[in-house]
Amino acid sequence: MTDHANTEEQSAILAAAKASSSNLMISALAGTGKTSTLELLERAVPRGPILYLVFGKKNADDAAKRMLSTTTVRTFNSIGHRIWAASHSRNLRVDARKSNTILRDIIDNAPKDYRDTLWGVYHEVLSGVALAKALGYIPEGLHPNAKRLIGRSAFHRSLEELPDDLTADLIDTVLSRSIKQSYEGLIDYNDQIYMPALFGGAYPQFPLVLVDEYQDLSPVNHALLKKLVRGRLIGVGDPWQNIYGFRGAKQGGIEEATEAYQCEGLPLSISFRCPEAIVRNVHWHVPHFKWFSEGGKVEKPSSLQAGNIDNDSTIICRNNAPLLQMGFRLLAAGRSISIAGSDIGPRLIGIMKKLGPETLGRDGVLASIEEWEADRLEKESKTASDMAACMHIFALQGRDLRTAIAYAEHIFKQTGSILLTTGHKAKGLEWPNVIHLDPWLVRYEPSPQNKNLDYVISTRSSNRLIEIDSEQIEW
């Protein structure tokens, strides 16, 4: 492919931006120069106030340095925060652990013999509250004038596992108290979008709104955006990188927005990151993907010597358990590792501490893990098997529960040259050498989310991609 071909795509986008005031939706595939195109776009449209919405403070800070002074760069959280604060004429207090505090207060004030039961669903309630605020769920009977985006039954089906009555009631109670506190000026990060999107406010007006990573918008993001767009909308995103459905990203959101806002669709399909071999490897899912540079390697060996894994390698897998098993084996072989996004660590360790007394022997720990998994699978949990497999790995490392937990704490603290990360945490990043571990995990069930995740993992490499199953690695 040539530079001319990519310039033609950018030129078509800029021409469309200049020629009319129509709304645009740009499909920007992996590594296709989206950031530089947005900068060109900003300078191509008629000069005037622009609102540029991004995800993440770092992205906002970087964009603010590059964009024109007439462009206001905001995250969805920051624009929502300002709207809610202005609507209530008060300085808001932000407490990231607001829901934790509400739930702990509920538990502390419950009868003593009932508290252990409440602690048993602690994580399920908190994750449920967070998802409720992403999907736009409001407990029934409250705030009839608010904009409800999802009903109770549909919300429950969206959770990691179907909640029992206790968990469902606790989610509603925490949400109700949280909404009340938001009106009083205490919010968390989720409230920054949830409250102005569903409960009203004074929304700033811009002639043009630019939106990055459109495929990651949740229902409440879409609801807030609808109130902000009163002029022109230009969205940029990759529908094949929609992988965050588990935390509320709306499947088909780009397609729905293209129709709702009557957007002209334009492609940005030539990757500067991924060379020819990497691009061809994902044509099964995105056949119109193109490359700027020739070369690259995609290898699918029948075996791989662990000693031949380069120190600068990044190992990516759909699930956590194979990564942790790989991490233990690499450590035992004297290699240095890092586990990216180790937020799973505290949750796993928290569950393990409830499996029994610290002196519980290995067989007892394994039996308790099986009981925990069976209980979660009865509730149709989507992640119980992976979590149980992780705990099983730690249990086999120790003689009792105390040493199993110690091993878990040890591996999550590692910092080294070989990076291990899940596909979800790898999105937006790139490395020269990538190993896709156990690719069958995203291929045995060809759901839209799994297909997209396969594409995301496969396009993180700028040079060499190896696909290998755990059992094919020789130690």
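Okay, so let's go over this structure. (Residues numbered from 1 in each chain as written. Predicted model: local features only at pLDDT ≥ 70, side-chain atom pairs only at ≥ 80, totals over all residues. Heavy atoms only, no water.)

## Describing the overall build of the protein
Then step 1. A count of helical and extended segments in the protein gives 20 helices and 18 strands.
Then step 2. Taking 2.2 N^0.38 as the reference for a compact globule, 475 residues should give roughly 23 Å; the C-alpha atoms of the protein span a radius of gyration of 24 Å, in line with that estimate.
Then step 3. Considered along the principal axes of its C-alpha atoms, the protein spans approximately 70 × 60 × 35 Å.
Then step 4. Contacts spanning at least 24 positions in sequence make up 75% of the contacts within the protein whose residues lie at least 6 apart.
Then step 5. Accessible surface for the protein amounts to roughly 21100 Å². Of this, 50% is attributable to carbon and sulfur atoms. (Helix = DSSP H or I, 4+ residues; strand = E, 2+ residues; numbered from the N terminus. Rg over C-alpha atoms; globule rule 2.2 N^0.38 Å. Contact = heavy atoms within 4.5 Å. Areas by Shrake-Rupley, 256 points an atom, 1.4 Å probe, with all protein chains shown as cover.)

## Things to note about helix α18 (residues 401–412)
Then step 1. For α18, spanning 12 residues, the distance from its first C-alpha to its last is 17 Å, which sits close to the expected 16 Å at 1.5 Å a residue.
Then step 2. The set of residues buried in α18 consists of Leu401, Thr403, Ala404, Ile405, Ala408, Ile411 and Phe412.
Then step 3. Considering only its buried residues, α18 is in contact with α14 (320–332), β14 (337–339), α15 (344–352), α16 (362–378) and α17 (384–397).
Then step 4. The residue sitting at the N-terminus of α18 and contributing the capping side-chain oxygen is aspartate 400; that oxygen lies 3.3 Å from the backbone nitrogen of arginine 402. (Expected span 1.5 Å × (residues − 1). Buried < 20%, exposed > 50% of the residue type's maximum accessible area, 1.4 Å probe, protein only. Polar contact = N/O pair within 3.5 Å; in protein donor to acceptor, adjacent residues only side chain to side chain.)

## A short note on the sheet that holds strand β17 (residues 461–468)
Then step 1. Read across the open sheet, the 6 strands follow the order β11-β17-β16-β13-β15-β14; overall the sheet is parallel. Each edge of the open sheet carries a strand with a single partner, namely β11 (297–299) and β14. With direction set aside, neighbouring strand axes in the sheet form an average angle of 20°.
Then step 2. In this sheet, strand β15 (residues 418–422) lies alongside strand β13 (residues 314–317) in parallel orientation, the contact comprising 4 bridges. Note that in β15 the partner of cysteine 317 across the bridge is threonine 422.
Then step 3. Across the sheet, α14 is in contact with β13, β14, β15 and β16 (431–437); its angle to β15 comes to roughly 165°.
Then step 4. Across the sheet, helix α20 (residues 448–458) lies against β13, β16 and β17, angled at about 140° from β16, the strand it touches most. (Pairing = 2+ DSSP bridges. Axes fitted to C-alpha atoms, helices over the stretch in contact; angles between N-to-C directions.)

## Here we look at the environment of serine 69
Then step 1. Here serine 69 is to be found in the loop between α3 (57–66) and β3 (71–75).
Then step 2. Classification of serine 69 by relative accessible area gives exposed; the value is 79%.
Then step 3. Taking the C-alpha atoms as reference points, serine 69 and proline 49, 20 residues apart in sequence, are found 8.9 Å from one another.

## Things to note about the pattern of salt bridges
Then step 1. What the rule picks out here adds up to 27 salt bridges.
Then step 2. A salt bridge links aspartate 62 to lysine 58, with the nearest nitrogen and oxygen atoms 3.1 Å apart. Of this pair, aspartate 62 and lysine 58 both sit in helix α3, 4 residues apart, roughly one helical turn.
Then step 3. Of the charged contacts in the structure, one is a salt bridge between glutamate 160 and arginine 347, with a shortest N-O distance of 3.2 Å. Within this pair, whereas glutamate 160 is found in the loop between α8 (152–158) and α9 (165–183), its partner arginine 347 is found in helix α15, the two being separated by 187 residues in sequence.
Then step 4. The exposure class of glutamate 160 is partly exposed, given its relative accessible area of 25%.
Then step 5. Given the relative accessible area of 25%, arginine 347 is considered partly exposed.
Then step 6. Look at the salt bridges and you will find they share partners, linking Lys34, Asp212, Glu213, Asp216 and Lys427 into a network. (Salt bridge = Lys/Arg side-chain N within 4 Å of Asp/Glu carboxyl O.)

## What about helix α11 (residues 219–228)?
Think of an α-helix as 3.6 residues a turn; residues three or four steps apart then line up on the same face.
Then step 1. In terms of residue burial, α11 counts as a mostly covered element, since 9 of its 10 residues are buried.
Then step 2. Within the span of α11, buried status applies to Pro219, Val220, Asn221, His222, Ala223, Leu224, Leu225, Lys227 and Leu228.

## Section: the nonpolar core
Here is a general trend for soluble globular proteins: nonpolar side chains tend to be buried in one another's company.
Then step 1. Judged by nonpolar contacts, the single largest core of 58 residues is most densely connected at Tyr214 and Leu225.
Then step 2. Sort the elements by how many residues they give to this core and helix α7 (residues 122–135) lands first, with 7 residues.
Then step 3. Those residues in contact with tyrosine 214, other than ones at most four positions away along the chain, are Met25, His222, Leu225, Leu233, Gly235, Val236, Gly237, Gly253, Ile254, Ala257 and Tyr261. (Core = buried A, V, L, I, M, F, W, Y, C linked by side-chain atoms within 4.5 Å.)

## Thoughts on the sheet that holds β3
Then step 1. With parallel pairing, 6 strands are arranged side by side in an open sheet as β3-β2-β6-β7-β1-β8. The sheet is open, and its two borders are formed by β3 and β8 (264–268), each paired with just one other strand. Averaged over all adjacent pairs, the angle separating strand axes in this sheet is 20°, with direction ignored.
Then step 2. In this sheet, β8 lies alongside strand β1 (residues 24–28) in parallel orientation, the contact comprising 5 bridges. By the bridge assignment for β8, alanine 28 is matched with leucine 268.
Then step 3. Of the strands in this sheet, β1, β2 (50–54), β3, β7 (229–237) and β8 touch helix α2 (residues 34–44), which is tilted by about 155° from β7.
Then step 4. Here α11 sits on the sheet and contacts β2, β6 (206–211) and β7; the angle it forms with β7, its principal contact strand, is near 140°.

## What about the packing of aromatic side chains?
Then step 1. Within this structure, the stated rule accounts for 13 aromatic pairs.
Then step 2. Arranged with centres 5.3 Å apart and planes meeting at 65°, the rings of tryptophan 84 and tyrosine 183 form a pair that is edge-to-face. Of this pair, tryptophan 84 sits in helix α4 (residues 76–88) while tyrosine 183 sits in helix α9, and the two are 99 residues apart along the sequence.
Then step 3. When the ring of phenylalanine 272 is compared with that of phenylalanine 292, the centres are 4.8 Å apart and the planes differ by 45°; the resulting orientation is tilted. With phenylalanine 272 in the loop between β9 (270–271) and α13 (276–280) and phenylalanine 292 in the loop between β10 (290–291) and β11, this residue pair connects regions lying 20 residues apart in the sequence.
Then step 4. Owing to a relative accessible area of 37%, phenylalanine 272 belongs among the partly exposed residues under this scheme. (Phe/Tyr/Trp six-rings, centres within 6.5 Å; stacked < 30°, edge-to-face > 60°.)

## A look at the side chain of asparagine 100
Then step 1. You can see asparagine 100 is positioned in helix α5 (residues 98–108).
Then step 2. Apart from residues no more than four positions distant in its own chain, asparagine 100 is found in contact with Tyr122 and Leu126.

## Let's talk about the pairing of β2
Then step 1. The buried fraction of β2 amounts to 5 of the 5 residues, a majority that puts the element mostly inside the structure.
Then step 2. Side-chain alternation along β2 places Ile50, Tyr52 and Val54 on one buried face and Leu51 and Leu53 on a second face that is also buried.
Then step 3. In the sheet, β2 pairs with β3 via 5 bridges, with the strands oriented parallel. Counted as the bridge partner of isoleucine 50 is threonine 71 from β3.
Then step 4. With respect to chirality, the unit in which β2 leads through α3 into the neighbouring parallel β3 is right-handed.
Then step 5. Direction of pairing for β2 relative to β6: parallel, over a ladder of 4 bridges. Within the sheet, the bridge partner assigned to leucine 51 lies in β6 and is valine 209. (Right-handed = clockwise from strand over helix to strand, strands pointing away.)

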